[in-house]
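Next come the chains, spelled out residue by residue.
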Amino acid sequence: AMSILVALCALALSSGLRAPSRRGESRVAAARAVHARAAPLALGPSSNLEGLAANITAGQKVLKGLPEISVKAFSTALVFGAVSAGLAFTPEAIALAALRAPFAGITGGVGGTVARTIWGARMASGTSMLAELLLTQGAKNVSEADVEAVAEALGLPPDYFALQKEAVYSAFLADLVADANIAVGEISELQQLRKALSLGWPTIGAKHLERGVALARGSPAEALRDSDPAQYARVRKLLFLTDTLLASGPRPVVRPPPRTKPASKLGGLLGALQNRTSVETLVGRTIRAIRRELDPAGARGLPVQWVTVDDLFASLSLSREEGRALCRETALPFYTRALQVAIGRMSNSTGTQLERVRNALQLDLSDTTETHRDAFISIVQRIAASGRLDQDDRDMLSMIGDTLALRERETRPIVEAATQPIYQAAVGLALARALAEPAAQALQLELWSELGTRQQELTLAAETADALLGAEVGARVRPLLEQLTEALEQRDDRRALASGKELLSFANAAARFVWASKPEKVAAADDVAGLARSFLHGGAVQAGAQETVDKLLTAAARMTGALSATDVAQLAELIGVPADAAAAKAAAEATAQLRQVLDAACASGDAAAFEAADSVEASLGLPQPLCAKARLDAFYERLSNAAEDVRLDEDGLETLTALVRSLRLDRMQLQMLNEETENSTEELIARVRKDMLNSPARDNEAIKRVDKMKDILLGRRDLV
């Protein structure tokens, strides 16, 4: 009887003083249930590090400070003391020892339960100690040795301690995601904590999946965007951290096929019993050995299941494309900061460094193209702010463009957009000085020499320089024409004639200045007509110009001698009525004919139709400004028709982009069209892009294509 009693006590100690075993990281739910039975510190969905650190009783504080041998000795003594007490205080009426043994076993069981509770309470304090360690030292400063020291101090079995480490990681992740703002060091904190806690990648994925489900609270992620923006921001942060963290680990293994049924009913019964019994105990090891003989496959337990970021997307009702888009939106600000630092320390290895950052943030090169363009624009603007852009600057910009994987056709428009205002400002200053001394021919030649040098420094094409000169002349003529028109409408003859003379004075001085360097455009020093045709209206009759000229003639007739016939003719040229009315009429008819052919070609979209339009244009012999205006007007009509189409989509924008190629429109024309129509082109593209973003079947690649077409239609880059 005593031998049986001692065996029972040993079994009670064996099952009471050992923690449950975890047989597979994939069985997260089963492991949590075992943890709840073994330790009073079971985690809830709202647990955090401070809560874990504070969740400890006064008795546990005393027990965790005692040496392991002391607690074990006390627990063992408590069991045998309870047995001895049962034997000693058995009622005397029970004379037989065989009848006294069951009573002693009962008291021994009570003692074993108390000992198990004491030992379990001491082991459960490991969670609190780990949480306190993280709070005091920080995740980056905690090492694997520090964590193992906690297990050694409390004598925790590895499987039991693994559950506590998972609980602490879950709490740390909950604290991290509670703040929707993302710090740069949070990714490295998670990586360091995973190493310190020695957690496997499947466990990490499972904990992130649990946190995602807790944050979503049963709602799809997109539903939180409007209903709870703060919670939606936390979900985005978790997605980004999970995507970045899991990307630094090994590739997930393929999930094994479902487990087969046990070979017999006895094997199934033993399997159920094993799930409720620790394999570290004598009973557990015996059951496992029997199962290995009956069912070798089932005795090994379930294999580890990997949790990937795609599983997290699915739990939040997000497709892979939608989830990746959210991760990209969150990662791009971090990449932008890294890009700014890398550019500030530009070297031959900068491109490689940026590639490493992209890989760490799970970004493709195409995802960062716009970021690279914005950075390049900022650099060019800072350099151009000095008013110069010499060859050394261009060489440096070329190197930066190569580092940012930007092609020359992408960087050239950016550089031109920054350098053109510099040249136009120089033209404005030169024109102002020339107008102040219109008769100083030596000064005009000196000014043109300076402009030539500046044009060479900025490497501007001759056509671009002429267009900027025309824009500056037009900017000065326009307010003078408005004053003249206003005075004529108010029948203020005196003010109208004064405005006309002021306009003529400017036109003559400007013609003299241009003639000094460009006699092919302005044939003589007083060739106001050449100035108007080359830089203002291209020789075309402007709408309403004839009415203005008639009013000017009437005012001149009322004030005899105020304006000569030559003055009136020159003013008519400036206003938009060429001196040769017949030639103007023929030009208008030819322009209308060209426009008709261009409209037909745009409607058909056939390459042969555009070739026919080119042939008609060559046969008409119209000035280039008139041809360019006809092509731009034809494009604008198609653009207006597209704006009225509520079903306009990517294909419609692609058609407009193809028209830019077929009509040979340059960037400056497209920029002027958008500005003169109050950003109608930009608003049209923004509408299409918004519809694509709000579409249930959002195609991010299509949105990128639309963004590229936007740059072309707004004249930000050339169409190859």
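All chains use their own residue numbering, which begins from 1 and follows the written sequence. Whole-chain, interface and lining totals are the exception, using all residues; otherwise, since this is a predicted model, local features are given only for residues with pLDDT of at least 70 and side-chain atom pairs are given and counted only at 80 or more. Each side-chain value is worked out from all heavy atoms of the structure, with water and hydrogens disregarded.

On to the overall build of the chain. By definition, any uninterrupted DSSP run of H or I lasting at least four residues is a helix, any uninterrupted run of E lasting at least two residues is a strand, and each is numbered from the N terminus. A tally of regular secondary structure across the chain gives 34 helices and 0 strands. Restricting the contact set of the chain to residue pairs at least 6 apart, pairs at least 24 apart contribute 75%. With the model as given, the accessible surface of the chain reaches about 36,000 Å², and the carbon-plus-sulfur share is 55%. Contacts are assigned to residue pairs that have any heavy atoms within 4.5 Å of one another. Each accessible area is a Shrake-Rupley estimate made with a 1.4 Å probe; only the visible protein chains count as cover when residues are assessed.

Turning our attention to the packing of aromatic side chains. Each Phe, Tyr or Trp ring, with Trp reduced to its six-membered ring, pairs with another whose centre is within 6.5 Å; inter-plane angles below 30 degrees give stacked pairs, above 60 give edge-to-face pairs, and intermediate values give tilted ones. As enumerated under the stated definition, the model contains 2 aromatic pairs in all. Ring geometry for Phe-240 and Phe-334: centres 5.3 Å apart, planes at 10°, overall stacked. In this pair, Phe-240 sits in helix α12 (residues 229-247) while Phe-334 sits in helix α17 (residues 320-344), placing the two residues 94 residues apart along the sequence. Each member of the pair Phe-240 and Phe-334 is classed as buried. Relative accessible area decides the class of each residue, using a 1.4 Å probe on protein chains only: under 20% of the type maximum gives buried, over 50% gives exposed, and in between gives partly exposed.

Next up on the list: the environment of Arg-225. Position of Arg-225 relative to the elements: it lies in helix α11 (residues 221-227). Sequence separation of Arg-225 and Val-235 is 10 residues, and the distance between their C-alpha atoms is 9.8 Å. Setting aside anything within four residues of it in sequence, one finds Arg-225 in contact with Tyr-232 and Leu-326. Looking at Arg-225, its side chain comes within polar contact range of the side chain of Tyr-232, at 2.8 Å. Under this definition, polar contacts are N or O atom pairs within 3.5 Å; protein pairs additionally need one hydrogen-donor-capable and one acceptor-capable atom, and for neighbouring residues in sequence, both atoms have to be side-chain atoms.

Right, let's get into the environment of Asn-48. Residue position: Asn-48 is located in the loop between α2 (28-38) and α3 (49-54). A C-alpha to C-alpha distance of 6.2 Å links Asn-48 and Ala-174, two positions 126 residues apart in sequence.

Turning our attention to the confidence of the model for the chain. On average, residues of the chain carry a pLDDT of 74, and 72% of them reach 70 or more. The quantity known as pLDDT measures the predictor's confidence residue by residue, on a range of 0 to 100. Within the model, the stretch residues 106-112 combines pLDDT values under 50 with 10 contacts to residues more than four positions away or in other chains. For residues 297-304, every residue scores under 50 in pLDDT, and the model assigns this stretch 13 contacts once sequence neighbours within four places are set aside.

For the pair helix α21 (residues 408-436) and helix α24 (residues 493-515), the least separation of the axes is 9 Å and the interaxial angle reads 115°. Here α21 lies roughly perpendicular to α24, going by the angle between them. Seen from above, α21 lies across α24 with right-handed handedness. In contact with Ala-430, Leu-431, Ala-434 and Leu-435 of α21, α24 contributes Phe-506, Ala-509, Ala-510 and Phe-513. When residues are sorted by character, Ala, Val, Leu, Ile, Met, Phe, Trp, Tyr, Cys and Pro go into the nonpolar class, Asp, Glu, Lys and Arg into the charged class, and all the rest, Gly among them, into the polar class. Class assignment for the residues of the contact of α21 with α24 results in 8 nonpolar, no polar and no charged. The angle between two axes is taken between their N-to-C directions and runs from 0 to 180 degrees, where each axis is a line fitted to C-alpha atoms and a helix contributes only its stretch in contact. Each angle gets one of four labels, with under 35 degrees taken as roughly parallel, over 145 as roughly antiparallel, 65 to 115 as roughly perpendicular, and the rest as oblique. Handedness of a crossing is defined here by the sense of rotation of the near helix relative to the far one, left-handed for an anticlockwise turn of less than a right angle and right-handed for a clockwise turn.

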